[in-house]
Amino acid sequence: MLDLLRLFGQVVEEQSFTVVARKLGISQPAVSNQMRALEEKLGVKLLYRKGKGFALTPEGETVYRHAFHMLDEWSELMREIGGSERLMNGKIHIGASHIPGEYLLPNFLASFRKLYPEIQFKLSIGDSLEMAEKALAHEVDFAVVGAVFDTEKLTSEYWVKDELGFVVSSDHPLCTNQSVEINMLRDYPMIIRENGSGHRRAFEEALTKRGLDLNDFNIALEVGSTEGVKNAVRSGLGYSFLSRHALESHAEQGLVWVNVQDFSIERGFYLLTRRNKSLTVIADECYRYLAAQKAEVGGQGK
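Residues numbered from 1 in each chain as written. Predicted model: local features only at pLDDT ≥ 70, side-chain atom pairs only at ≥ 80, totals over all residues. Heavy atoms only, no water.

Student: What's the story with the overall build of the protein in this structure? I'm lost.
Tutor: In terms of regular secondary structure, the protein is built from 10 helices and 12 strands. Seen through its principal axes, the protein has C-alpha atoms that stretch 75 × 50 × 30 Å. Considering the protein as a whole, with its 302 residues, one finds that 49% of them fall into the buried category. Taking contacts inside the protein between residues at least 6 apart in sequence as the whole, the part at least 24 apart equals 75%. When the accessible area of the protein is evaluated, it comes to approximately 15100 Å², of which 48% is carbon and sulfur surface. (Helix = DSSP H or I, 4+ residues; strand = E, 2+ residues; numbered from the N terminus. Buried < 20%, exposed > 50% of the residue type's maximum accessible area, 1.4 Å probe, protein only. Contact = heavy atoms within 4.5 Å. Areas by Shrake-Rupley, 256 points an atom, 1.4 Å probe, with all protein chains shown as cover.)

Student: Can you help me understand the pairing of strand 10 (residues 240-243) in this one?
Tutor: Consecutive side chains along a regular strand alternate between the two faces of the sheet. Going residue by residue along strand 10, you find Ser240 and Leu242 tucked away on one face and Phe241 and Ser243 tucked away on the opposite face as well. Here four bridges tie strand 6 (residues 154-169) to strand 10, and the two strands are oriented antiparallel to one another. Directly across from Val167, in strand 10, lies its bridge partner Ser240. (Pairing = 2+ DSSP bridges.)

Student: Looking at this model, I keep getting lost on unusual backbone geometry. Mind explaining?
Tutor: One can expect most non-glycine residues to show negative phi and most peptide bonds to be in trans. Within the chain, His138 stands out as a residue other than glycine whose phi angle is a positive 65°. Residue position: His138 is located in the loop between helix 6 (128-136) and strand 5 (142-145). Notably, Asp262 is not glycine yet its phi reads approximately 55°, a positive angle. Along the chain, the position of Asp262 falls in the loop between strand 11 (255-260) and strand 12 (265-274).

Student: I'm lost on the packing of aromatic side chains in this one. Help?
Tutor: The relative placement of two aromatic rings is captured by the distance of their centres and the angle of their planes. Applying the stated rule across the entire model yields 14 aromatic pairs. Ring plane angle 80° and centroid distance 5.6 Å describe the contact between Tyr158 and Tyr270, whose orientation is recorded as edge-to-face. With Tyr158 in strand 6 and Tyr270 in strand 12, this pair connects stretches of sequence that are 112 residues apart. Taking the relative accessible area as the measure of exposure, Tyr158 reaches 12% and is therefore buried. In textbook terms, an aromatic cluster arises when at least three aromatic residues are bridged by ring pairs, as seen for Phe166, Phe203, Tyr239, Phe241 and Phe263. Note that Arg244 overlies the ring of Trp257, its terminal NZ or CZ placed 3.8 Å from the centroid. (Phe/Tyr/Trp six-rings, centres within 6.5 Å; stacked < 30°, edge-to-face > 60°. Lys NZ or Arg CZ within 6 Å of the ring centre and 35° of its normal.)

Student: In this structure, what is going on with the nonpolar core? I would like to understand it.
Tutor: General note: in soluble globular proteins, nonpolar side chains tend to be found buried as a group. Ile92, Phe142, Trp159 and Leu290 are the most contacted members of the largest nonpolar core, which totals 27 residues. Going through the elements one at a time, strand 3 (90-96), helix 5 (98-115), strand 5, strand 6, strand 12 and helix 10 (281-291) are the ones with two or more residues in this core. Residues Leu164, Val180, Leu214 and Val260 belong to the second largest nonpolar core, which totals 23 residues. (Core = buried A, V, L, I, M, F, W, Y, C linked by side-chain atoms within 4.5 Å.)

Student: Please clarify how helix 3 (residues 28-42) should be interpreted in this entry.
Tutor: For an α-helix, the turn length of 3.6 residues means that residues three or four places apart are oriented alike. Here helix 3 contains 15 residues, and its C-alpha end-to-end distance of 22 Å stays within 8% of the 21 Å for a straight helix at 1.5 Å per residue. Looking at the residues trailing helix 3, positive phi occurs at Gly43, about 75°. (Expected span 1.5 Å × (residues − 1).)

Student: Please clarify how the pattern of salt bridges should be interpreted in this entry.
Tutor: Side-chain pairs of opposite charge can arise whenever the charged atoms involved come near each other. Going through the model one piece at a time under the given rule, you end up with 10 salt bridges. Its salt-bridge partner being Lys134, residue Glu139 comes within 3.2 Å of it at the nearest N-O pair. The partner of Arg267 in a salt bridge is Asp162, with the nearest N and O atoms 3.0 Å apart. On the criterion of sequence distance, the pair formed by Arg267 in strand 12 and Asp162 in strand 6 is long-range, its members being 105 residues apart. Across this residue pair, the class does not change: Arg267 and Asp162 are buried. (Salt bridge = Lys/Arg side-chain N within 4 Å of Asp/Glu carboxyl O.)

In C-alpha cells, the structure reads:
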C-alpha cells in the first residue's frame, strides 16, 4: 500500500503517467494499472481527465495530503527500528557536484558502509545545477552540491565550508609572489569551470563584489571538472581558482597556492533533498550520518 501511495505522489507531482513510467523504468500501462489498483483499494476515484492531462478529485486531494504524513511516519518508524543489518540494506543513489563527489564523499561513504556492509552506493557526479535537477526528477535519493537550491520542491541544508584560492603552476611567472592583486591577473590566461557549477557561480559573485566580471579577464579554457582544471593549470595553460579540498586531499605536485589581496571566495556545500518527500530508510540514515560529520570536515554554520 505504501508503494502505491508513493507512486501516486509521483504521478501527481509530475502530472504525467508517461514521465513517471520513464523515470521508474516501467511501462506507462503499468503505472495506470497501479493507480487503478490504489483506487480499488480505497474505494474512491482519485483522478479524472482534464484536457490532455488530469486533475485530483476531492478525495484524491485528501489522499495526496495524507500520503505525505503516512510515508514520513513510516520512514521514521523504520529509522528507529532499522539499526540492525537485517533492515539496513539496499542501494543509495547520491548525486554530487565535483568537489564533494571526488574529494569528500568517498571517505565518508566508506566509513558508513563499515556500519552497514550490505549497502550498495551509486554516486553520480556533475555540476550543481545538474544534480539539483536529478534530485528534483527523483533520479537520486539526495545530492551534495556547491550552491543553495531552496525552491518550492527542493530544500538545502548547510553541510561544510569551502574556500577557493588562486592556483598557478610551479613555473608560472607569479608562483614566487607572496601575494598578488586581482587586477594583475587580467593579462594572464585563466581557466574557469563550466556554467552551472557552484564553483563558477561563487567565483563570479566574488568578482561582482569587486566591480569585475569574466569579460575583464583572458579566458583561455572552460572545463567541466576540477581534475581537468588542475591538469590544465599544471600543464601551464593558465591559472585558476581551486577548492582547498581539491588540493588538501593528497599531495599536489606542480601546483602553487598564492594569496590574492582583498579577494576571498568562500562558499558552502549543501545536502539537497526534495521538500516534504520521504527518503528510503537507508538513504535517510546515510543523509543523517553525513549531516553529523560537519565538524570533521571543518563545516560551521553560516
